[in-house]
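Structural overview for review
Listed here are the chains, written in short residue letters.
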Amino acid sequence: MAEELKAFLNYLLLERNYSPNTIAAYERDILDFQEFLQGKSFLSVNEVDLKQFLVDILRKNRSRRTAARKMVALRSFYRFLKRCGFIKENPALSLEIPKIPKTLPEVLTVDEVFKVIEGQENSTPTGLRNRALLELFYGAGLRIGEIAGLTLNDLDLTQGYVRVTGKGRRQRIVPLGKYALDSLKLYLEAGRPAFKPKSEKLFLNQQGAGLTVRGIRYLISQIVKKAGLNRKITPHTFRHSYATHLLEGGADIRAVQELLGHKRLSTTEIYTHLSKERLREVYLRTHPRSREEKNDV
């Protein structure tokens, strides 16, 4: 690995406090660019190289979202190189990020959430673990990386809270509802010990080690498939559903921002738009004066 890239990754870790997953994503994107350069040094790159890389990404039918993410990584990388004196001029200074069409996130209905969660059995260690996992996704709105990072010390079942380390290693305290608390207690008493723990991580795999992000993603895909929900549902869908259902229930948007661990209120505001769209769908589907009636004569 090039020394300048090592320095950048250390900067993200030590000064920016980025999570390991975020740093790994930056590394992959920059190494992808290095492969495109075919031996050319990062330090001799010009604006044309960067634009050609963008064209190459889109030519390979990669999404605009992927292209935008890689450009963001490279802009940050070259801003760092310029500031630290690796280069005299920043070739990414005028680099434009592809605009991404705004889309509303997929959200489950309350009935669908209940169907998925209550479909987990309470008679096996695996079932107890999976149910507790789902309760934290939906009942606390956690990100998949946040759940994978939870340890036993992060739980306060007496007070009903979980301490979460989110993006930028920012910590927040998230309250737990009765269903999540009950599921966690059952899992800790009758489920987790059966995995013969070799780790302090909250959720364990069959070998007693902590569940990884990849492992959790696989589990959720199998759970959703078994529930018979024939649409694309990811672990993040439960977080989207958590936020949307809170706002539909009358929660203050700033309270939801704190619960989700969003740095900017604008990030949370997407759920207000989503809530409005869902309410409109319900109105158009159910109100007798919302649509033209067909009268038989």
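Just so you know, these numbers come straight off a predicted model, no measurement behind them.

This next bit is on the overall build of the protein chain. Along the backbone of the protein chain there are 12 helices and 3 strands. By its C-alpha atoms, the protein chain is 70 × 65 × 35 Å across when sized along the principal axes. Per-residue burial for the protein chain yields a buried fraction of 43% across its 297 residues. Partitioning the contacts of the protein chain with sequence separation of at least 6, the portion at a separation of at least 24 is 57%. Averaging the positions of the 51 positive and the 33 negative side-chain charges in the protein chain gives two centres separated by 3 Å.

Now for the UniProt feature "active site" (unreviewed entry) in the protein chain. Mapped onto this numbering, the UniProt entry annotates "active site" (unreviewed entry) at Arg143, Lys167, His236, Arg239, His262 and Tyr271. Relative to the helices and strands, histidine 236 is located in helix H10 (residues 235-248). Leave out the neighbours within four places in its chain, and arginine 239 touches Phe137, Gly141, Leu142, Arg143, Glu146, Arg172, Leu260 and His262. Polar side-chain contacts of arginine 239 include one of 2.6 Å to the backbone oxygen of glycine 141.

Grouped together as the largest cluster of nonpolar side chains are 49 residues, with contacts concentrated most on Leu136, Leu176, Leu184, Phe203, Ile216 and Phe238. Elements represented by at least two residues in this core include exactly helix H5 (110-118), helix H6 (125-140), helix H7 (144-149), strand E2 (161-165), helix H8 (178-191), helix H9 (213-227), H10 and helix H11 (253-260). With 8 residues, the single largest contributor to this core is H6. The residues contacting leucine 184, other than those within four sequence positions of it, are Ala132, Leu136, Leu155, Leu157, Leu176, Leu202 and Phe203. Counting 29 residues, the second-largest nonpolar core is a separate cluster that includes Leu5, Leu12, Phe77 and Leu95.

The side-chain alternation of E2 yields one buried face, formed by Val162 and Val164, and one unburied face, formed by Tyr161, Arg163 and Thr165. One ladder, built from 2 bridges, connects strand E1 (residues 155-156) with E2; its direction is antiparallel. Looking at the pairing, aspartate 156 lines up with tyrosine 161 of E2. Pairing analysis gives 5 bridges linking E2 to strand E3 (residues 171-175), with the strands arranged antiparallel. When the bridges of E3 are listed, tyrosine 161 appears paired with proline 175. Where E2 hands over to E3, the hairpin turn is made up of 5 residues, of which glycine 168 adopts a positive phi near 70 degrees.

When pLDDT drops low, the exact placement of atoms in the prediction is not to be read closely. Counting all residues, the mean pLDDT for the protein chain is 88, and 91% of those residues have values of 70 or more. Averaged over each element, pLDDT in the protein chain is lowest for helix H12 (residues 265-286) (70) and highest for H8 (95).

Moving on: the packing of H5 against H6. Two numbers describe a pair of packed helices, the interaxial angle and the distance between the axes. Look at H5 against H6: their axes get within 9 Å of each other, and the N-to-C directions meet at 155 degrees. Judged by the inter-axis angle, H5 sits roughly antiparallel to H6. Along its contact with H5, which presents Val110, Val113, Val116, Ile117 and Glu118, the element H6 presents Arg131, Leu134, Glu135 and Tyr138. The residue makeup of the contact of H5 with H6, split by class, is 6 nonpolar, no polar and 3 charged.

Cut-off values and rules
- Think of each chain on its own: its residues are numbered from 1, step by step along the sequence as written.
- Local features are withheld for residues below a pLDDT of 70 in this predicted model, meaning they are given only at 70 or higher, and side-chain atom pairs are given and counted only at 80 or more; totals for whole chains, interfaces and linings count all residues.
- To obtain the side-chain values, all non-hydrogen atoms of the structure were included, while hydrogens and water were left out.
- We count a stretch as a helix when DSSP gives it H or I for four or more residues in a row; a strand needs E for two or more, and each element gets its number in order from the N terminus.
- We call a residue buried when its accessible area falls under 20% of the maximum for its residue type, exposed when it is over 50%, and partly exposed in between, using a 1.4 Å probe and counting protein chains only.
- Note on definitions: a residue-residue contact is assigned when non-hydrogen atoms from the two residues lie within 4.5 Å.
- Note on charges: Lys and Arg go in the positive column, Asp and Glu in the negative column, and His and the chain ends are not counted at all.
- Where a charge lies is defined by one atom per residue type: Lys uses NZ, Arg uses CZ, Asp uses CG and Glu uses CD.
- UniProt positions are given in the numbering used here, feature names are shortened, and annotations may be inferred rather than shown by experiment.
- Pairs of N or O atoms within 3.5 Å make up the polar contacts considered here, provided that, within protein, one atom can donate a hydrogen while the other can accept it, and that residues adjacent in sequence are counted only when both atoms are side-chain atoms.
- To define a nonpolar core, start from buried Ala, Val, Leu, Ile, Met, Phe, Trp, Tyr and Cys residues and group those joined through side-chain atoms within 4.5 Å.
- Only strands that DSSP links by at least two bridges are regarded as paired with each other.
- The score called pLDDT rates the predictor's confidence residue by residue, from a low of 0 to a high of 100.
- Angles shown run from 0 to 180 degrees and are taken between the N-to-C directions of axes, each axis being a line fitted to C-alpha atoms and, for helices, limited to the stretch in contact.
- We call two directions roughly parallel when the angle between them is under 35 degrees, roughly antiparallel when it is over 145, roughly perpendicular when it lies between 65 and 115, and oblique otherwise.
- Ten residues, namely Ala, Val, Leu, Ile, Met, Phe, Trp, Tyr, Cys and Pro, are considered nonpolar, four, namely Asp, Glu, Lys and Arg, are considered charged, and the remaining ones, Gly among them, are considered polar.

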